[in-house]
Amino acid sequence: MEAVLQGLVLLAQPKVLLVVFLSAIYGLFVGAIPGLTATMAAALLVPFTFFLDPLSALVAIITMEAMAIFAGDIPAALVRIPGTPSSAAYTEDSYELTKQGKGEVVLGVDLICSAVGGIMGAVAFIVAAPLLVLLALHFTSFEYFWMAVLGLSGAALIASGSPLRGAISVLFGLLLSMVGIDITLGYPRFTFGSVDLLGGINFIPAMIGLFGVSEVIRQALAPRREQALAAVRTERVFHGIYALLRRHKVQVVRGGVVGTYIGALPGTGADIAAWLSVAVARRFSKEPGKFGKGSIEPVIEAGTSNNAALGAAWIPALVFGIPGDTITAIVIGVLMMKGLRPGPILFEQQAELLNGLRAMFIFANVLMIPLGLLAIRLSSRLVRMPRNILMPVILAFSIVGSYAISNNPFDVVVMLVMGIIGYVMEAHGFPLGPVVLGLVLGRLVEENFMISMIKAQWDPIAFFTRPASLVLAMLTLAAWLVPLAGFVQRKGAPVAPPVSTAGK
Amino acid sequence: MRDVVAGLLSAGLGAWIVLTARSFPTLGGGYQGPGIFPQLAGGLLALLGLMLAAAGLRGVRSLRLGLPALGAEWLQAGLVVAAVVLYLLAVPRLGFVLMTSGLLLLLMLAQGAPVRRGLPAALATVAIMHLLFVRLLRVPLPPGPWGW
């Protein structure tokens, strides 16, 4: 508790507060506009965070993601299009309720639930992270290797599209991370003699390309049509909200718990949490038949869940260096760029920074309420923002952001190439989130693999002898057996139709 | 059919990686080196690519790839790509302010925005970028022929 208070002191600097305010506006803006995901927003934010101090950089991301995940529910309710993929699970119900004239109730309760969920996730981080750090102190390269593989597997298996495609995406990301000078011998790999490629593929422009530029290309090829907007009377947003929340308090708590759990699992994030919570809500509901026709229950439960997942995802990210979701994959990349390695050492040497983060998790969700209310008021204008203005602006920020990192035009080339690849991949049902995870974790995985191999004198059995390694290895293998069995049983028939979402 | 192509492409990439990585030096004494991880990942990719292609073959109804017909939208997408390339080539000469304004305006108008909206939006964006990057973050952006 006092850690949070100490952190609040740190946050009280004008520079940090300015960053918080701007990131919040940015997050609400991006979340409320369909087609712009929180992951893409994080990707575009990174060039700015690159030049900020670690606290401001991380605080910006925390604030942005909290706002964006809430704001994604606004267009879901108003025009039946989720602003971010994590709102997709209950778009139908939100929209139906709005059509029934209860739009302001939906948005109001969603706002409170998002804030509550976010705080639950934050508390989980505050409480659980130090405990897990004690565990992490016993981790060696073997455990880190399996943990990373487990995280990559989680992302590959649960991302949209079939697990097969998810696995291919992850491997693609891993292979991209192998371009450049290798860790063991310093040998240039896949550089084709290019000096620029010797430094490897910088993950920031790659990510901006994958999420930002690919969306610009996608919009150019398939312009969205204007949607009819449902009306919302914003003065009545919190009307009757206490009674509603009291009636559904079980859903709130359950959503928060499920969301925290899913978020804390490596590789799975807010969108998975939301889908799972809707399923759980339906399973335990007294009126499951109303789901899809305007039930408030999935909105409450999943709205809490997806925000809870956000904070919880930072647990594995900061303790083990394994991302809990795509955004924390980006966070890990940002940390490493600033020379801060996730893990027990971070908790020891950067206690101040972590206090600031703990405080920010709470503060961001408190701030969400007034700012979210403002966003609801401005919602109609936000949602209707013309694409032909917005997309060129995103492209411009992508280019300049990519360039600004190291003033190297080659980074812009990387951005463009990854943008085209990203578009093509998504159009064929290959999820992009796992690519980023592979790219960010590639070095870590290989490094731990090689260190472990060298320690074990190239005997692969050593990967299974330590108890923790064995457990993690078994979990990984078990995770892969399920889809594998399914594949064999169906004798290879295609699993899922291509789904186009970029993660959250 | 598209699955088949995607699968074969992935398999091809994986195979190429494995073949390239075989020539990487080793640590000596029979121990592996920088080549082992790419070979593992590439090999796995090749295997999964073949599985995808095989799965795709089961659902093949025709040999057509099902690519959408080339229409005006492809022009828009091509314009986006071309704009980035043009930006890269011209920015050392013309500088950040001119090129970014030009790029923004060009794309906005090409996608159908009216000038009365596009022009102020483009100028406002460049102004905000300048404020954020050059002023707040102190990042140098390429100056144009007149120094800004």
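Sequence order as written defines the numbering, with residues in each chain counted from 1. Written order decides the labels, with chains lettered from A and ligands numbered from 1. Thresholds applied to this predicted model are a pLDDT of at least 70 for local features of residues and 80 or more for the giving and counting of side-chain atom pairs; totals over whole chains, interfaces and linings are not thresholded and use all residues. Heavy atoms throughout the structure, all of them, feed into the side-chain values; hydrogens and water do not.

(A) Spotlight on the overall build of chain A. The secondary structure content of chain A amounts to 23 helices and 2 strands. Taken against the 2.2 N^0.38 rule, which gives 23 Å for 504 residues, the C-alpha radius of gyration of chain A at 22 Å falls within 12% of a compact globule. In terms of principal-axis extent, the alpha carbons of chain A reach across some 65 × 60 × 45 Å. Of all 504 residues assigned to chain A, the portion counted as buried reaches 64%. For this analysis, residues touch if any pair of their heavy atoms sits within 4.5 Å. A fraction of 80% describes how many contacts in chain A between residues 6 or more apart in sequence connect residues 24 or more apart. All accessibility values rest on the Shrake-Rupley procedure with a 1.4 Å probe; residue burial counts only the protein chains present in the view. Of the accessible surface of chain A, which amounts to about 18,100 Å², a share of 68% is contributed by carbon and sulfur atoms. Just so you know, the count uses Lys and Arg for positive and Asp and Glu for negative, and it drops His and the chain ends. Every charge is mapped to an atom, namely NZ of Lys, CZ of Arg, CG of Asp or CD of Glu. Of note, chain A has its 33 positive side-chain charges centred 9 Å away from the centre of its 27 negative side-chain charges. Numbering goes from the N terminus for both helices and strands, where a helix is a DSSP run of H or I of at least four residues and a strand is a run of E of at least two. Radius of gyration: C-alpha atoms only; globule rule: 2.2 Å multiplied by the number of residues to the exponent 0.38. For every residue, the accessible area obtained with a 1.4 Å probe (protein chains only) is divided by the maximum for its type, and the residue is called buried under 20%, exposed over 50%, and partly exposed between those limits.

(B) Seen up close, the pattern of salt bridges. Residue and element names in this part refer to chain A. Salt bridges are defined by distance alone: a side-chain nitrogen of Lys or Arg within 4 Å of a carboxyl oxygen of Asp or Glu. Applying the stated criterion to the full structure yields 9 salt bridges over all chains. The shortest N-O distance in the salt bridge between Lys15 and Asp53 comes to 2.9 Å. One end of the pair, Lys15, is in helix H2 (residues 14–32); the other, Asp53, is in the loop between helix H3 (38–50) and helix H4 (54–71), with 38 residues separating them in the sequence. In this structure, the salt-bridge partner of Arg218 is Glu215, at a minimum N-O distance of 2.3 Å. Within this pair, Arg218 and its partner Glu215 are both found in helix H10 (residues 203–221), separated by 3 residues, close to a single helical turn. With a relative accessible area of 8%, Glu215 lands in the buried category. Here the salt bridges share partners, and the residues they tie into one network are Glu215, Arg218 and Glu426.

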